[in-house]
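Structural description and commentary
Listed below, chain by chain, are the residues.
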Amino acid sequence: QVQLLESGGGLVQPGGSLRLSCVASGFTFNLYTMSWYRQALGKERELVASFTPTFGITNYADSAKGRFTISSDNAKNTVYLQMNFLKPEDTAVYYCNARRLYRADEYWGQGTQVTVSS
């Protein structure tokens with residue numbers, strides 16, 4: 001089965017760090033764009049960061065630039081989101097997403113909760 005499984009969320013103080021992981025099974029990263037989205041309570045889901053390994057293209061939301069880093073370990077079929085200098089407004093459920101280039105195929109993980117609070 002095709003699956004995306006997120007982990008690494010939790011409670012952290014403002015200014016702290018977390019690293020989220022997304023393990024993909026049933027497919028490989030070739031010809032896919034891997035992304036992290038987040039959805040805060042009562043708000044729309046928004047794109048945080050994306051990475052297309054085939055072309056080496058990385059993109060970040062303005063709110064994430066300079067603080068977050070998306071990366072991958074292809075041998076483990078895993079994508080990461082390193083989050084530093086976290087702020088209360090980063091509190092949200094973070095979702096892993098895989099989208100195939102040139103086609104409509106798309107997969108979502110179940111999400112992992114990140115809470116930034118003192």
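It should be noted that the structure appears before, not after, this text.
Residues numbered from 1 in each chain as written. Predicted model: local features only at pLDDT ≥ 70, side-chain atom pairs only at ≥ 80, totals over all residues. Heavy atoms only, no water.

**A short note on unusual backbone geometry**
Backbone geometry places phenylalanine 85, a non-glycine residue, at a positive phi of 50°. Tracing the backbone shows phenylalanine 85 in the loop between β8 (78-83) and β9 (92-100). Phenylalanine 85 sits in the exposed class, given a relative accessible area of 54%. (Helix = DSSP H or I, 4+ residues; strand = E, 2+ residues; numbered from the N terminus. Buried < 20%, exposed > 50% of the residue type's maximum accessible area, 1.4 Å probe, protein only.)

**A closer look at the state of the cysteines**
The tally for this structure, following the rule as stated, stands at one disulfide. Between the sulfur of cysteine 22 and that of cysteine 96 lies a disulfide, 2.0 Å long from S to S. With the S-S bond torsion at -85°, the cross-link from cysteine 22 to cysteine 96 turns out left-handed. Of this pair, cysteine 22 sits in strand β3 (residues 18-25) while cysteine 96 sits in strand β9, and the two are 74 residues apart along the sequence. With respect to burial, cysteine 22 and cysteine 96 carry one shared label: buried. (Disulfide = S-S within 2.5 Å.)

**Things to note about a nonpolar patch on the surface**
On the surface, a nonpolar cluster with roughly 390 Å² of combined accessible area is contributed by Phe55, Ile57 and Tyr102. Assessed through its relative accessible area of 72%, tyrosine 102 is described here as exposed. (Patch = residues over 30% accessible without salt bridge, like charges linked within 9 Å, V, L, I, M, F, W, Y side chains within 5 Å. Areas by Shrake-Rupley, 256 points an atom, 1.4 Å probe, with all protein chains shown as cover. Salt bridge = Lys/Arg side-chain N within 4 Å of Asp/Glu carboxyl O.)

**Notes on the side chain of arginine 38**
Tracing the chain through its elements places arginine 38 in strand β4 (residues 32-39). Under the relative-accessibility criterion, arginine 38 is labelled buried at 6%. Separated by 2.9 Å, the side chains of arginine 38 and aspartate 90 make a polar contact. A distance of 3.0 Å separates the side chain of arginine 38 from the side chain of tyrosine 94, its partner in a polar contact. In this structure arginine 38 touches Glu44, Arg45, Glu46, Val48, Ser63, Phe68, Glu89, Asp90, Ala92, Val93 and Tyr94, once residues within four positions along its chain are discounted. (Polar contact = N/O pair within 3.5 Å; in protein donor to acceptor, adjacent residues only side chain to side chain. Contact = heavy atoms within 4.5 Å.)

**Re the sheet that holds strand β1 (residues 3-7)**
Pairing between the strands of a sheet is mediated by backbone hydrogen bonds and can be parallel or antiparallel. Spatial ordering of the open sheet is given by β1-β3-β8-β7, a layout of four strands whose pairing is antiparallel. In this open sheet, the two strands that pair with only one neighbour each are β1 and β7 (68-73). Neighbouring strand axes in the sheet, compared pairwise and without regard to direction, differ in orientation by 15° on average. (Pairing = 2+ DSSP bridges. Axes fitted to C-alpha atoms, helices over the stretch in contact; angles between N-to-C directions.)

That's the geometry; what it means functionally is another story.
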